Amino acid sequence: MTETSQTLDMTRIPEHIAIIMDGNGRWATERGKERSFGHQAGVEAVRRITSECTRLGVKYLTLYTFSTENWNRPADEISALMGLVLTSLEDQIFMKNNVRFRVIGDLGRLPDNVRQKLHETEEHTAANSAMTMVVALSYSSRWEITEAVRQIAAAAKDGSISQIDEHTVSLHLATRFMPDPELLIRTGGELRISNYLLWQIAYSELYFCDTYWPDFDEACLHQAIADYQRRQRRFGKTEEQVENEEKTHP
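The rules behind each value
- Residues numbered from 1 in each chain as written.
- Predicted model: local features only at pLDDT ≥ 70, side-chain atom pairs only at ≥ 80, totals over all residues.
- Heavy atoms only, no water.
- Phe/Tyr/Trp six-rings, centres within 6.5 Å; stacked < 30°, edge-to-face > 60°.
- Helix = DSSP H or I, 4+ residues; strand = E, 2+ residues; numbered from the N terminus.
- Buried < 20%, exposed > 50% of the residue type's maximum accessible area, 1.4 Å probe, protein only.
- Lys NZ or Arg CZ within 6 Å of the ring centre and 35° of its normal.
- Pairing = 2+ DSSP bridges.
- Axes fitted to C-alpha atoms, helices over the stretch in contact; angles between N-to-C directions.
- Contact = heavy atoms within 4.5 Å.

**What about the packing of aromatic side chains?**
Logical step 1: Tallied over the full model, the rule gives 8 aromatic pairs.
Logical step 2: On the numbers, 4.2 Å between centres and 5° between planes, the contact of Tyr 64 with Tyr 196 is stacked. In this pair, Tyr 64 sits in strand β2 (residues 60-67) while Tyr 196 sits in the loop between β5 (183-186) and β6 (205-208), placing the two residues 132 residues apart along the sequence. Summarising the burial analysis for this pair, Tyr 64 and Tyr 196 share the class buried.
Logical step 3: Aromatic side chains Trp 213 and Phe 216 sit 5.4 Å apart centroid to centroid with 20° between the ring planes, which places their arrangement in the stacked category. Summarising the burial analysis for this pair, Trp 213 and Phe 216 share the class buried.
Logical step 4: By way of ring pairs, the aromatic residues Tyr 64, Tyr 139, Trp 143 and Tyr 196 are connected into one cluster.
Logical step 5: Just above the ring of Phe 37 sits the side chain of Lys 33; from NZ or CZ to the centre is 5.2 Å.

**Details of the sheet that holds β5**
Logical step 1: On the basis of which strands lie adjacent, the open sheet formed by 6 strands has the order β3-β4-β2-β1-β5-β6 and parallel pairing. In the strand order of this sheet, the two ends are held by β3 (99-104) and β6, each with one partner. On average, each strand axis in the sheet is inclined to that of its neighbour by 20°, with strand direction left out of account.
Logical step 2: Bridge count for strand β1 (residues 16-20) against β2 is 5 bridges, and the pairing is parallel. Bridge pairing in β2 places Ala 18 opposite Thr 62.
Logical step 3: Those strands touched by helix α2 (residues 35-56) are β1, β2, β3 and β4 (131-139), and its axis lies near 145° from that of β4.

Structure, rendered in structure tokens:
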């Protein structure tokens, strides 16, 4: 156990951490490099954080890799990003750490070779059990919720619309196989959610930091989790109600 992690309450590690990995391009620009150089450096951060989350006992790690809006970026940057997807889905990340890989998003827009690689990696890692790393690729919450509504409407029978509730919607979301994130981290200094897991983060704790994603390391992760552990999660209840519940069910 590292010195930093000793300050964490290991009984209160979030089961699911979601991350908006922001700042790759600015990190590269400040170094006089192409934006693609920053994305390559960001892959190293993914390796570090995946390994550390596994060690800490996190069960789900969801990474915002490429949004539906990112298709509006320059073609050369998109091509470089798709190339990184192909080269970074490696055993060093998944098999070494016993991590299962899953992907969510509008995958029909991806190049065929990228789609095939994603499918192969999901199958190759299906038996891994320490943690599930979920990559949100060609993803946005508005796309996801729209797709859920279409599926629900297609399945609805006469008079059944009144039976639709929050649980129904959740069952039709791309994330239905995992719990909602307790902690959402955004790197890079921006203070917005950027169309990411809007339904799922209704009661997530939000943590923003100025560190660019390529520089985000184990110590930064520990700091985010420590901040999360200092907060009291109320889920709409009063502080007194939460305290009474904790006394009743310590």
